Amino acid sequence: METNAENLQHRSFSIKLWPPSKSTRLVLVERMAKNLSTPSIFSKKYGLLSSDEAEEKAKQIEDASFAAANEHFVRAPDGDGTSAVQLYAKESSKLMIEVLKQGSQVTRDATPEMVPGVQETVFDISRGPRSFLDAEEAKELLKPLGEPGNPYTKICFSNRSFGAEAARVAEPILVSCKNQLVDVDLSDFVAGRPEEEALEVMNLFSAALEGCSLKTLDLSNNALGEKGVRAFAALLKYQDRLEELYLMNAGISEEAAKAVAELIPSTEKLRILHFHNNMTGDEGAKSIAEIVKRSPVLDDFRCSSTRVDMEGGVALCEALGTCANLKKLDLRDNMFGVEAGVALSKALAVHVSLVEIYLSYLNLEDEGATAIANVLKDSAPSLKVLEMAGNDITAEAAPALASCIAAKKSLAMLVLSENELKDNGSISIAKALEGLNQLQEVDMSNNSMGRVGARVLAKAVIDKPDFKLLNINGNCISDEGIDEVKEMFKKFPGKLGPLDENDLEGEEEEEEQDGDEENDGELEAKLKHLEVNEED
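The rules we used
Residues numbered from 1 in each chain as written. Predicted model: local features only at pLDDT ≥ 70, side-chain atom pairs only at ≥ 80, totals over all residues. Heavy atoms only, no water. Salt bridge = Lys/Arg side-chain N within 4 Å of Asp/Glu carboxyl O. Helix = DSSP H or I, 4+ residues; strand = E, 2+ residues; numbered from the N terminus. Buried < 20%, exposed > 50% of the residue type's maximum accessible area, 1.4 Å probe, protein only. Contact = heavy atoms within 4.5 Å. Expected span 1.5 Å × (residues − 1).

With an unreviewed UniProt entry as reference, the protein chain is termed WPP domain-containing protein, source organism Stephania japonica.

Shown next as structure tokens:
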């Protein structure tokens, strides 16, 4: 939220980020409940929670995370509470994935063997708290997998840390069943181990699984680096029919990315490729681009938070031009810039099947955003999600964006937060939304929007049959404007997000009051992109 940060530099008071207000805590609970009950890569592994169960669990997670962060702040105060906020977010994320791994009550009450007609079954030891396995525990835990004639074709060893002794127990068991395996999840399976031991474990598992031909492989959350990737060489070199590959938060550096591209013999059948939260950089991105070029049926590509700059961004975007089957594209949180944005616009011309596109925090600016919007307007007729937050987009690019949005009759979610669209740009976007009857969520927060823009946006979405949430917080809406918007949503209060961060531009207030208001704004900005992940 750069504009807020710039404004704060001119103020004389210090902002306290901790503790959060009640309203901010409630917003976090809502976001976590949505994460726990919305389909994602993690729900694919572990299942979804019902809405009621997700809400209950989200409250418990928030309470526990707040308590841990508050204890940290009391024990080691750091002035503005930044470290407490970081711990709050980290604990919330960690607990969310633990809750998903435990599954819903319905999921916990059933096992694959209890479902008639199901041929493929999953051997999953990931549920429950993270733990270190010794040899005896591994022997007992893996016993069913070693039984002759067992039905397991999918294994998940995530969340259990294998040391060398436990890995030696697992090795012959994996050898005995490797030819029947099609899905292998080894994410987060050496957590907390010294590098030397972790590499030994990886080599043991790789050797045990050598020769098996998989459809899905997940090596996320293992801090692989090049050494780790090459430790899996015996396994990777046989993967010529992979359909899904996950390498998230896995230490995929430039060298590691080159090793992945070198070791996997074929990605002709690859449909899903996910890199996230790595330190891949430009040169590593070029290696990933080579993998993409060799993946003609790719339909879900994620390369977010990978420290890719303009040069690597251009290489990736040009490679994406060879993938005509993409349905989901996530490039968020990189440093692409305008040139990469223009390169991406050219690639999007072939992506007629796109359903979701996430392009937030890419430094696209008006030129890059306009180029993308102009091409996307005539492509992706079934687009449901468009996200371009935090790209320094101004009202200058609004006509192109509005024209693109108006053409997307299936659009359900639009996120343009943390830009500089102001009233003129917001009004253009609002008019484009008028004919979109499947719209469910619009986020135009932090856009320096005033009373007029807020009213027009509210009017554009209020009567849509499936609409769920309008977020226009963090703007410059007057008290009168806020009252007007609230009155419009009087019959549907749940469809209007919080409005406690709006402030008239340039309005001076008492330092103490102003400090309290900015407190939650800064805190919520830090928590805004909290999502389920398996990062440490």
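Undergrad: Teacher, can you tell me more about the pattern of salt bridges here?
TA: For side chains bearing opposite charge, pairing can occur when the charged atoms are close. Counted under the stated rule, the structure contains 23 salt bridges. Residues Lys286 and Glu283 are paired through a salt bridge, measuring 3.1 Å at the closest nitrogen-oxygen approach. In this pair, Lys286 and Glu283 both sit in helix α14 (residues 281-293), three residues apart, roughly one turn of the helix. Here Lys286 falls in the partly exposed class, since its relative accessible area comes to 27%.

Undergrad: Looking at this model, I keep getting lost on the environment of Ile252. Mind explaining?
TA: Note on placement: Ile252 falls in the loop between β7 (244-248) and α13 (254-263). Along the primary structure Ile252 and Ala223 are separated by 29 residues, whereas in three dimensions their C-alpha atoms are 7.7 Å apart. If near-sequence neighbours (up to four positions away) are discounted, Ile252 is found in contact with Leu224, Val229, Leu247, Ala257, Phe275, Asn278, Met279 and Thr280.

Undergrad: I keep staring at helix α10 (residues 195-209) and nothing clicks. Help me out?
TA: Along an α-helix, residues three or four apart share an orientation, since each turn contains 3.6 residues. Helix length check: α10, at 15 residues, gives a terminal C-alpha distance of 21 Å against a target of 21 Å (1.5 Å per residue), a fit within 8%. Here α10 has its buried residues at Ala198, Leu199, Val201, Met202, Leu204, Phe205, Ser206, Ala208 and Leu209. On its buried face, α10 sits against β4 (160-162), α9 (164-177), β5 (183-185), α11 (225-231) and α12 (233-236). Immediately downstream of α10, the backbone of Gly211 shows phi near 100 degrees, a positive value.

Undergrad: Please clarify how the environment of Pro148 should be interpreted in this entry.
TA: Position of Pro148 among the secondary structure elements: in the loop between α8 (143-146) and β3 (152-156). Pro148 sits in the exposed class, given a relative accessible area of 83%. In sequence terms Pro148 and Cys177 are 29 residues apart; their C-alpha atoms lie 8.5 Å from each other.

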